[in-house]
Amino acid sequence: MYRFYVSADQLAEKEVFISGGDVNHIKNVLRLEVGEWIVACDGNGTDYVSRIQSICSDEVVASIEKVQPTGTELPVRITLFQGMPKKDKLELIIQKAVELGACEIVPVMTKRTVVKLSEEKKINKRLERWQSIAYAAAKQCDRGIIPTVHKPVSYEEALAMADQLDYNVIPYELQTGMEEARKIVDQACKQRSLGIFIGPEGGFEPEEVERAMTSNIHPMTLGKRILRTETAGMALLSILMFQMQGE
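Residues numbered from 1 in each chain as written. Predicted model: local features only at pLDDT ≥ 70, side-chain atom pairs only at ≥ 80, totals over all residues. Heavy atoms only, no water.

Chemist: Got a minute to help me understand the packing of aromatic side chains in this structure?
Modeler: The description of two aromatic rings rests on the distance between their centres and on the angle between their planes. All told, the structure shown has four aromatic pairs when counted by the stated rule. Centroid distance Y155 to F197: 6.2 Å. Interplanar angle 80 degrees. Geometry classified as edge-to-face. You can see Y155 sitting in helix α4 (residues 155–162) and its partner F197 sitting in strand β11 (residues 193–198), a full 42 residues away along the chain. On the basis of relative accessibility, which here comes to 8%, the residue Y155 falls in the buried class. One aromatic cluster is present, built from ring pairs that chain together F81, Y155, F197 and F204. (Phe/Tyr/Trp six-rings, centres within 6.5 Å; stacked < 30°, edge-to-face > 60°. Helix = DSSP H or I, 4+ residues; strand = E, 2+ residues; numbered from the N terminus. Buried < 20%, exposed > 50% of the residue type's maximum accessible area, 1.4 Å probe, protein only.)

Now the structure itself:
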């Protein structure tokens, strides 16, 4: 069934009211008709399985037939602290991170970051674009929430945000020990919240890794190969998703 995200004011006891751009999508793109089934999601992990009752020019009304947990969210809330990459790489990273279960994506300006975001208007425009990518990815893969993409932050700000989480890891190309990495993954899967730090092109400076370690962020290896910035986070998210998912 097709999925649509709705806010609390669009939900009644027995009906859901869909408005905005989704109306055109239902009418003219999907060409759904009265009587067909859809899923309305409140963005907080609850699905409302509904049947279309009426389709107007500015609103679609559906009767709620069943309320159920979305069931697609991981048990651990994951925040990806992504070193700001060049060009449009962040768009791909956001899309795939959402598909793999991340709940928040935080672009981080590190010492080796090449991109400079100094103008507020440019930042806001990019943020709007990034959030729309997260929305589309969440919709495509039946997420129960719409992950949040934050404005770019400094490395120190990212560390402060990570301090509020239960557990944090930082893959680092100079770290060794696969057995220790497996233990770290095992611990990460037992938490309520988890932060993942990924460096930009060129990775983290050694002092940045040392600073992370003093903040109780656990360094780990992802293997013998050096992965690109757009690959490293996805590799770890894939491992965590597989480990965390139940039946």
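There's more to say after this.
Chemist: Whenever I open this one, the pairing of strand β2 (residues 15–18) confuses me. Can you help?
Modeler: Consecutive residues of a regular strand have side chains that alternate between opposite faces of the sheet. Here β2 shows a buried face lined by V16 and I18 and an unburied face lined by E15 and F17. Relative to strand β5 (residues 60–69), β2 is paired through four bridges, and the arrangement is antiparallel. The partner of E15 across the bridge, within β5, is S63. (Pairing = 2+ DSSP bridges.)

Chemist: How do you make sense of the environment of I64 when you look at a structure like this?
Modeler: Within the secondary structure, I64 sits in strand β5. Between the C-alpha atom of I64 and that of I146, which follows or precedes it by 82 residues, the distance is 21 Å. When near neighbours in sequence (up to four residues on either side) are disregarded, I64 contacts L11, A12, E13, K14, E15, V16, Y48, V49 and S50. (Contact = heavy atoms within 4.5 Å.)

Chemist: How do you make sense of the environment of L227 when you look at a structure like this?
Modeler: Relative to the elements of secondary structure, L227 occurs in the loop between β12 (218–220) and α7 (229–244). Sequence separation of L227 and Y172 is 55 residues, and the distance between their C-alpha atoms is 10.0 Å. Residues within four places of L227 in sequence aside, it is in contact with L222, A232 and A235.

Chemist: Hey, could you run me through α7 in this one?
Modeler: Residues three or four positions apart in an α-helix share a direction because the helix packs 3.6 residues into each turn. The terminal C-alpha atoms of α7 lie 23 Å apart, and with 16 residues this matches the ideal 22 Å at 1.5 Å per residue to within 8%. For α7, the full list of buried residues reads T229, E230, A232, G233, M234, L236, L237, L240 and M244. Elements in contact with the buried residues of α7: β6 (77–83), α2 (89–99), β10 (167–171), α5 (178–188), β11 and β12. (Expected span 1.5 Å × (residues − 1).)

Chemist: Sorry, what's going on with the side chain of R3 here?
Modeler: Within the fold, R3 resides in strand β1 (residues 2–5). On the accessibility criterion, R3 (8% relative accessible area) is buried. Here D142 takes part through its side chain, which lies 3.3 Å from a polar atom of the side chain of R3. A distance of 3.4 Å separates a polar atom in the side chain of R3 from the backbone oxygen of R143. Residue contacts for R3: discarding those within four places in its chain leaves V39, C41, D47, T70, K139, D142 and R143. (Polar contact = N/O pair within 3.5 Å; in protein donor to acceptor, adjacent residues only side chain to side chain.)

Chemist: It is not clear to me how the nonpolar core should be interpreted in this structure. Could you clarify?
Modeler: A general trend in soluble globular proteins is that nonpolar side chains are found buried together. Core analysis: the largest hydrophobic core is formed by 41 residues, its most contacted members being I78, I94, W130, V169, L194, I196 and L240. In terms of residues, this core owes the most to one element, helix α3 (residues 120–140), which gives seven residues. Those residues in contact with I196 that lie beyond four places of it in its chain are I78, T79, L80, F81, V169, P171, L236, L237 and L240. In this structure, I170, F197, F204 and A212 belong to the second largest nonpolar core, which totals 16 residues. (Core = buried A, V, L, I, M, F, W, Y, C linked by side-chain atoms within 4.5 Å.)

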